[in-house]
Structure formats: structure tokens, C-alpha cells
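# Examining the three-dimensional arrangement
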Amino acid sequence: MNDRRPFNNAGYAGGSAANPQLSTISQIQSSESANYNGLQIFVQQTVTRGFSISGFYVWSKSLQSEDLDTTGNTGNSTNTEPEDNRNRYLDRQRSDFDQRHVSAISFVYKPNYGIQNFVMRNLVNGWTITSIIRVQSGNPFNITTGTDTNQDGVTNDRPNPAPGITPHLTNNGRSRSAMIQNWVDIGQFCRSDAAVTLANGTQTPACPQNGAGPAGSDGTLRQNALDAPGRRSVDASIFRDFRFKERVTFQLRGESTNVFNLTNLPAPLTGSATTINSGPATFGHINAGISGGSFGNRVIQVGGRILF
């Protein structure tokens, strides 16, 4: 019976057993931990001459011992399998939702000018203008080798930093087109089992024995080590109520998300753009902008409501 057969290490997480006389272990456990530390600042100005404003800023860091944001169980999917079950400390990482800086400011303005002319006074006054300004750091993303580098039956392996290099984002001079072409350079990483081909056709040799685990084959680059581009947007609305009867009001509204149509970029696409073995043609590339929501392209809508 399987529960009495010796454990075959090569068969962890459902990998094929090297010796058919030995058994595998399927591991699902809820034993992980997470911690969050942050500084939160909130400022509010109450209504003064029809104008009020409030805003907050959060500086924080969230860490977790395993990727818990998909299934919540270690070993329940490829995403939650540790790189090396014997070196679990390597998977201590930033949470998928970790953002170093998050800030938002909102304001409401209701003009009330003492204009003598009756027509002009009613044209200018009575409107409500609102806006929300959002500025955020990018979410972290993960880089893998795309192969079972340490040969433990799990392909969730990560590379090492190339000798003498601390992985960082490419300095693109704030050029959006340059960011899309090369958000992170493949030449900053190396694998213990093979050379890495660079964009100019040269190769970074296989890593020296600077990894962890047996033969240094466990990559030491942490999960979620790098950030996607930051995001910013300005949403706004303007509306006014027109009372027709005591209990019937018509509200005219105009709204827009991302008023200035600012371009916000996502992280490189998980898979081809974040795996070393995909090669320099796709690695580190950003394929498109963010679609939908406040950080997507500008959306303008005009409408009316009848309130009764």
C-alpha cells in the first residue's frame, strides 16, 4: 500500500517516480504566515466656501511565506508549490498585492458666487464638481527559469542574479515605448544548468555555484522581486439637480475616468515575458496598456437621473 511504501523524493508534487517501487507524497497544508507593516496618513479639510478635500497616503510592505493569493494551500497548484521543499526559506516573499506607495486625493466643490445677474447666477451656481486623483506604485511580478532547474519535479524554479548584479528595472528615461520594449533586462539573471542568451546574441554563462540547495541549483532570486510600472489617474464628475416638483428632481451628470487619458502599463505578461527560457525576444516586454477601470483609457459618459 502507498502509505507503507518509502517516500520517493523525485516524485514530490506529482512528479514521475524514478523508482516505481517507491511512492509519492501529495502535500496540501494550511501552515503559511503573512505580515503587513505600514504607515498611513489621512488628511481632511471640511467644507470652506463650498470646497472640501480629503486624502490619504500609505507606505507599506506585505510579506508572506508562500504564494497564498490564488488557492491558499501550499502545493495545491503550480503557483503554490515551493521552489525547493527542503529550502522553504527561499519562498519568503512579497505578497502579490504588495505596493510600496498608495495615495489618493478627493475633493468636492460647490460654487456659490454672489453674481447680481439672475441668469448668470443660476448658470454658474448649483453645480457640484468632484474629482479623485490616484497615484500608486506598481504591483510586484515574479520571474522564473521556465524549467525544472533543480530537478525536483517542480517547474516553479527561479534564476540567480548574474554575478555582480543586483536585479533592477531598466532605466528607460520615462519613455513609454522604451518601457514596453524592455522593462527588465534578461542579462541580469543566470541559470545554474544552462547559459542565458541575451538580446545581442551573446550569452551569459551558467551560474557559478552561487545558488542554494544541492549543487547550488536553487535560484536565490526572491519571488515578486521587481515591480510593474506605477499607475496614476484623475477621475472627475460634474452634476446638477433641477427641481420640477416638490418630490421630483432631474439630475444632469457628466463623468469621466482617467480624464487626461494617461497611459498606465501592467507588468510583463506572466509566462513568456517573465520566464528566462522564453529568450530575449519576449522576456521583459510589456504587451499592452491596462484596460478597464480608473487606470484604463479615458471613458466619458453623460446621463440624467430622475429622483423622486
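Residues numbered from 1 in each chain as written. Predicted model: local features only at pLDDT ≥ 70, side-chain atom pairs only at ≥ 80, totals over all residues. Heavy atoms only, no water.

## Re the overall build of the protein chain
If you tally the helices and strands in the protein chain, you get two helices and 14 strands. Per-residue burial for the protein chain yields a buried fraction of 37% across its 308 residues. Counted over contacts in the protein chain with a minimum sequence separation of 6, partners at least 24 positions apart contribute 66%. Carbon together with sulfur atoms contributes 55% to the accessible area of the protein chain, which is approximately 17,300 Å² in total. (Helix = DSSP H or I, 4+ residues; strand = E, 2+ residues; numbered from the N terminus. Buried < 20%, exposed > 50% of the residue type's maximum accessible area, 1.4 Å probe, protein only. Contact = heavy atoms within 4.5 Å. Areas by Shrake-Rupley, 256 points an atom, 1.4 Å probe, with all protein chains shown as cover.)

## Some words on the pairing of strand β13 (residues 248–257)
Note that strand β12 (residues 231–245) and β13 share nine bridges and pair antiparallel. Among the inter-strand pairings, R240 is bridged to a residue of β13, identified as L252. Between β12 and the antiparallel strand that follows it, β13, lie two residues. Sheet topology places β13 next to strand β14 (residues 299–307); nine bridges connect them, and they run antiparallel. The residue bridging E255 from the neighbouring strand is Q301, located in β14. (Pairing = 2+ DSSP bridges.)

## Considerations on the state of the cysteines
All chains considered together, the criterion is met by one disulfide. The disulfide that involves C190 links it to C207, with 1.8 Å between the sulfurs. Because the torsion about its S-S bond is 120°, the bridge between C190 and C207 counts as right-handed. Here C190, found in strand β8 (residues 189–190), pairs with C207, found in the loop between β10 (203–204) and β11 (226–227); they are 17 residues apart in sequence, far enough to count as distant. (Disulfide = S-S within 2.5 Å.)

## Considering the side chain of N87
Following the sequence through the fold, N87 ends up in the loop between β2 (51–64) and β3 (93–94). Given a relative accessible area of 15%, N87 falls into the buried group. Within the structure, the side chain of N87 is placed 3.2 Å from the side chain of D218, a separation counted as a polar contact. When neighbours within four sequence positions are excluded, N87 is seen to be in contact with G213 and D218. (Polar contact = N/O pair within 3.5 Å; in protein donor to acceptor, adjacent residues only side chain to side chain.)

## Examining the confidence of the model for the protein chain
On average, residues of the protein chain score 83 in pLDDT, and 86% of them reach the 70 mark or higher. The least confident element of the protein chain, judged by mean pLDDT, is helix α1 (residues 118–124) at 75; the most confident is strand β4 (residues 101–109) at 95. This model gives residues 11–15 a pLDDT under 50, and the stretch forms 14 contacts once residues within four places in sequence are excluded. (pLDDT = per-residue confidence, 0-100.)

## Remarks on the packing of aromatic side chains
Here the structure, examined in full by the defined rule, presents three aromatic pairs. With a centroid separation of 6.0 Å and an interplanar angle of 70°, the aromatic rings of F189 and F283 are classed as edge-to-face. Of this pair, F189 sits in strand β8 while F283 sits in the loop between β13 and β14, placing them 94 residues apart in sequence. Taken together, the ring pairs connect F51, F107 and Y109 into an aromatic cluster. Across the ring face of F295, the terminal group of R231 is positioned such that the distance to the ring centre comes to 5.7 Å. (Phe/Tyr/Trp six-rings, centres within 6.5 Å; stacked < 30°, edge-to-face > 60°. Lys NZ or Arg CZ within 6 Å of the ring centre and 35° of its normal.)

## Here we look at unusual backbone geometry
Most of the time, phi is negative for any residue but glycine, and the peptide bond is trans. Here Q151, not a glycine, exhibits a phi torsion of approximately 55°, which is positive. Secondary-structure assignment places Q151 in the loop between β6 (140–141) and β7 (160–161). Even without being a glycine, N258 presents a positive backbone phi close to 50°. With respect to the secondary-structure elements, N258 resides in the loop between β13 and β14. The buried category is assigned to N258, whose relative accessible area is 0%.

## Notes on the pairing of β4
By the bridge criterion, nine bridges tie β2 to β4 in an arrangement that is antiparallel. Across the sheet, V58 pairs through a bridge with V102, a residue of β4. Where β4 lies against strand β5 (residues 127–136), eight bridges are found, and the strand directions are antiparallel. What sits directly across from F107, in β5, is S131.

## As for the nonpolar core
One finds I143, F189, I276 and F283 to be the most contacted residues of the largest nonpolar core, which totals 15 residues. Residues in contact with I276, not counting those within four places in the same chain, are I143, T144, T145, P159, I186, F189, R191, V196 and F283. (Core = buried A, V, L, I, M, F, W, Y, C linked by side-chain atoms within 4.5 Å.)

## Section: the side chain of S137
Structurally, S137 is set in the loop between β5 and β6. Classification of S137 by relative accessible area gives buried; the value is 16%.

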